[in-house]
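For reference, the chains in residue letters:
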Amino acid sequence: MFMRLRIEGNTPQQAAAKSGFSTATAYRIEQGPHLPAAAQARRQRRRPDPLEAVWDTEIVPMLTAAPGLRAIAVLEELVRRHPELDPGIRRTLERRIKLWRGLHGPAQDVMFRQIHPPGELGLSDFTDLAGLGVMIAGATLDHILYHFRMAHSGFEHGHVILGGESYSALAEGLQNALFVLGGVPLKHRTDSLSAAFRNLDRDAIEDLTARYAALCAHFDMEPTRNNTGVAHENGTIESSHGHAKKTIEDALLLRGSRAFEDLAAYRRFIDEIFARHNTRRSKAIAIECATLNPLPADRTIDYQETLVQVTSSSGFVLRKVFYSVPARMIGQRLRVRLYDDRLECFLGASHVLSLARGRTDHATGKHGHVIDYRHVIHSLRRKPGALRNLVYRNQLFPRPAYARAFDALTERRSDKVACKITVELLGLAHDYACEAELAQALEIELDAGHLPCLDTLRERFRPATASVPVIMIEAVSLGLYNELGMISGGDVA
């Protein structure tokens, strides 16, 4: 069109405007009959090919023998064989290898995208969150996340897990997710629970398999698992792990702090993140919820149950962790329900106490201790010297201030006096329910270089004595009752 307009007598500017391109393009067209890109000569190599001498004789045989070999490994081997080669040829080598594989390499696995009808498939998996650096009460939280996702709508639910990938963690997280969703999919898929089965004997593995099957049967779901080591078969949830982690990381950055008062606060934080995600997908989730099977009336068992004997140490050992209990239970046999984050203890059919679940130190292999000083303080008052070499002394102190006070007393007083005063401080915290306030007062005294004074602290935290009001009761003459009876009888007559 441009050339026709020029023949008709239009100037280059006029012909370019009528043809819809710039004046500069018009002048380039007039300079040659071809498009600018076609007119350019192919750029020639400006330096010798550094791989010409070794490509066919060494590199191609290596790639043929080991198709999965990385380019960096090929480069390291070449430099070892030929020290004169410049290591800076890495990018050139990577491009050549990529081109060779596209022309001559083996066929790769094909990912077949699937259609997931609404209400058909829900998936469960675990992902590590220890790298987030979350702090609970001043201590770094080593935890993982149970992650549930519906394949069709993208509904997601997360639950903070303190232990590993266990049946209890799966059962608790899955049931929480289904009751939040409000329905049950036809199928449930996991990654074969390999972590839960690791290092277990055959009977234990069969027991876990039966329990998982019973869990799915309770919700009328078909249990399915992807093949071991084939992560992409669980890709619907595997791919969302990264998005979930980044979302949690962003939320922590916006919050401005990674410290939480307690585990419950952190779990609420995680719940809010997934709630916002589900709100954005509310329309798709509503469509899928209409196709789900109804929930059962009650939850099923999501714990492991065992019997323990309370020893004379006022506690019991379960999975290499010692738990303290009230001294009145010594000699009793407790039935313990073991959850991921807690223990529920029963004496007969009566629930007697709940305990936070402890963990062993995997790095050292040492046994763990979960100690409540209130369980043993009465006995410890009678034997304060036992504090000095107590096995779980460090875990006995409810707050760092009490351990700090013990250390300061030990440095400047005899062991007997230090133990006596420290035990009385714990007793004071128990008697007057002032554990936090007393710890704050101890920090102030220790920062000032003073040792705690029991008399002063007792006076400070002793509850105020309430005055009992004087109540005067005026006696009534018994004759008034006779007069009332006569009046009543006269009315009746």
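Right, let's walk through the structure included here. Every value quoted in this text rests on a predicted model; they were computed, and no experiment measured them.

## Considering the sheet that holds strand β4 (residues 144–150)
Spatially, the 5 strands line up as an open sheet ordered β5-β4-β1-β6-β7, and their pairing is mixed. At either margin of the open sheet sits one strand with a lone partner, and together these are β5 (156–161) and β7 (222–225). The sheet shows a mean angle of 20° between the axes of neighbouring strands, direction not considered. Sheet analysis places strand β1 (residues 121–128) next to β4, joined by 7 bridges and oriented antiparallel. Each bridged residue has a counterpart across the sheet, and for G122 the counterpart in β4 is M150.

## Comments concerning the packing of helix α5 (residues 55–65) against helix α7 (residues 90–104)
Where α5 meets α7, the axes come as close as 12 Å, and the angle between the chain directions of the two elements is 60°. Taken as axis vectors, α5 and α7 run oblique relative to one another. As for the relative orientation of α5 and α7, their crossing is right-handed in sense. In this structure, α5 uses W55, I59, V60, L63 and T64 to contact α7, whose residues at the interface are L93, R96, I97, W100 and R101. For the contact of α5 with α7, the class distribution of residues is 7 nonpolar, 1 polar and 2 charged.

## Re a nonpolar patch on the surface
On the surface, a cluster of nonpolar side chains totalling about 560 Å² of accessible area is made up of V476, L478, L480, Y481 and L484. Y481 gets classed as exposed once you look at its relative accessible area, which sits at 54%.

## Quick notes on the side chain of S314
As for its position among the elements, S314 is in the loop between β9 (304–309) and β10 (315–318). We classify S314 as buried; its relative accessible area is 5%. Only 2.5 Å separates the side chain of S314 from the backbone oxygen of V325, close enough to count as a polar contact. For S314, the residues in contact, after removing those within four places along its chain, are F322, Y323, S324, V325, P326, A327, I330, H375 and V376.

## Let's talk about the sheet that holds strand β14 (residues 350–356)
Taken in spatial order, the 4 strands of this open sheet run β9-β12-β13-β14, and their pairing is antiparallel. Two strands lie at the open edges of the sheet, namely β9 and β14, each paired on one side alone. For this sheet the average axis-to-axis angle between neighbouring strands, irrespective of direction, equals 30°. Bridging between strand β13 (residues 342–347) and β14 involves 6 bridges; their strand directions are antiparallel.

## Some words on the packing of helix α16 (residues 400–412) against helix α18 (residues 435–447)
As a packed pair, α16 and α18 sit with axes 9 Å apart at the nearest point and diverge in direction by 40°. Relative to α18, the element α16 lies oblique. Handedness of the crossing formed by α16 with α18: left-handed. Between α16 and α18, the residues in contact are A401, Y402, R404, A405 and A408 and E435, L438, A439, L442, E443, L446 and D447, respectively.

## Digging into the nonpolar core
Of all hydrophobic cores here, the largest spans 34 residues; its most connected members are L396, Y402, L438, L442 and L457. Within the residue set of this core, elements represented by two or more residues are α14 (373–382), α16, α17 (415–431), α18 and α19 (454–461). No other element matches the 8 residues that α17 contributes to this core. Apart from residues no more than four positions distant in its own chain, L438 is found in contact with Y402, L425, L428, A429, L457 and F461. The next biggest cluster of nonpolar side chains, apart from the first, holds 23 residues, and it includes Y146, L170, Y212 and F219.

## With respect to the environment of R393
Position of R393 relative to the elements: it lies in helix α15 (residues 393–396). When the C-alpha atoms of R393 and I371 are compared, they prove to be 9.2 Å apart, with 22 residues separating the residues in sequence. In contact with R393, not counting residues within four places along its chain, are L387, R388 and F406.

## Quick notes on α18
A rise of 1.5 Å per residue sets the reference length of α18, with its 13 residues, at 18 Å; its end C-alpha atoms lie 18 Å apart and thus fit the reference within 8%. Those residues of α18 not exposed but buried are E435, L438, A439, A441, L442 and L446. Projected down its long axis, α18 shows its buried positions confined to an angular sector of 165°, all on one face. Turned more than 90 degrees away from the buried face of α18, the exposed residues are Q440, I444 and D447. On its buried face, α18 is in contact with α14, α16, α17 and α19. Where α18 ends, the next residue or the one after it, G449, has phi of about 85°, a positive value.

## Let's talk about helix α12 (residues 263–280)
Counted at 1.5 Å a residue, the expected span for α12 with its 18 residues is 26 Å, and the 27 Å between its end C-alpha atoms agrees. Burial in α12 covers these residues: L263, A265, Y266, R267, F269, I270, I273, F274, H277 and N278. Of the residues that open α12, the one with a side-chain oxygen 3.3 Å from the backbone nitrogen of A264 is D262.

## Here we look at the pattern of salt bridges
This model, assessed by the stated rule, comprises 29 salt bridges. A salt bridge links E77 to R81, with the nearest nitrogen and oxygen atoms 2.8 Å apart. Taken together, the residues span about one helical turn, with E77 and R81 both in helix α6 (residues 71–81) at a distance of 4 residues. Look at R81 and you get partly exposed, because its relative accessible area is 39%. Two residues, R374 and E435, come together in a salt bridge whose shortest N-O distance is 3.5 Å. With a gap of 61 residues between them, R374 in helix α14 and E435 in helix α18 connect regions that are remote in the sequence. On the accessibility criterion, R374 (42% relative accessible area) is partly exposed. Residue E435 is classed as buried on the basis of its relative accessible area, which comes to 17%. One salt-bridge network, in which partners are shared between bridges, spans R381, K420, E424, D431, D455 and R458.

Cut-offs used in this document
Residues numbered from 1 in each chain as written. Predicted model: local features only at pLDDT ≥ 70, side-chain atom pairs only at ≥ 80, totals over all residues. Heavy atoms only, no water. Pairing = 2+ DSSP bridges. Helix = DSSP H or I, 4+ residues; strand = E, 2+ residues; numbered from the N terminus. Axes fitted to C-alpha atoms, helices over the stretch in contact; angles between N-to-C directions. Parallel < 35°, antiparallel > 145°, perpendicular 65-115°, else oblique. Left-handed = near helix turned anticlockwise from the far one by under 90°. Contact = heavy atoms within 4.5 Å. Nonpolar A, V, L, I, M, F, W, Y, C, P; charged D, E, K, R; others polar. Patch = residues over 30% accessible without salt bridge, like charges linked within 9 Å, V, L, I, M, F, W, Y side chains within 5 Å. Areas by Shrake-Rupley, 256 points an atom, 1.4 Å probe, with all protein chains shown as cover. Salt bridge = Lys/Arg side-chain N within 4 Å of Asp/Glu carboxyl O. Buried < 20%, exposed > 50% of the residue type's maximum accessible area, 1.4 Å probe, protein only. Polar contact = N/O pair within 3.5 Å; in protein donor to acceptor, adjacent residues only side chain to side chain. Core = buried A, V, L, I, M, F, W, Y, C linked by side-chain atoms within 4.5 Å. Expected span 1.5 Å × (residues − 1). Arc of directions from axis to C-beta.

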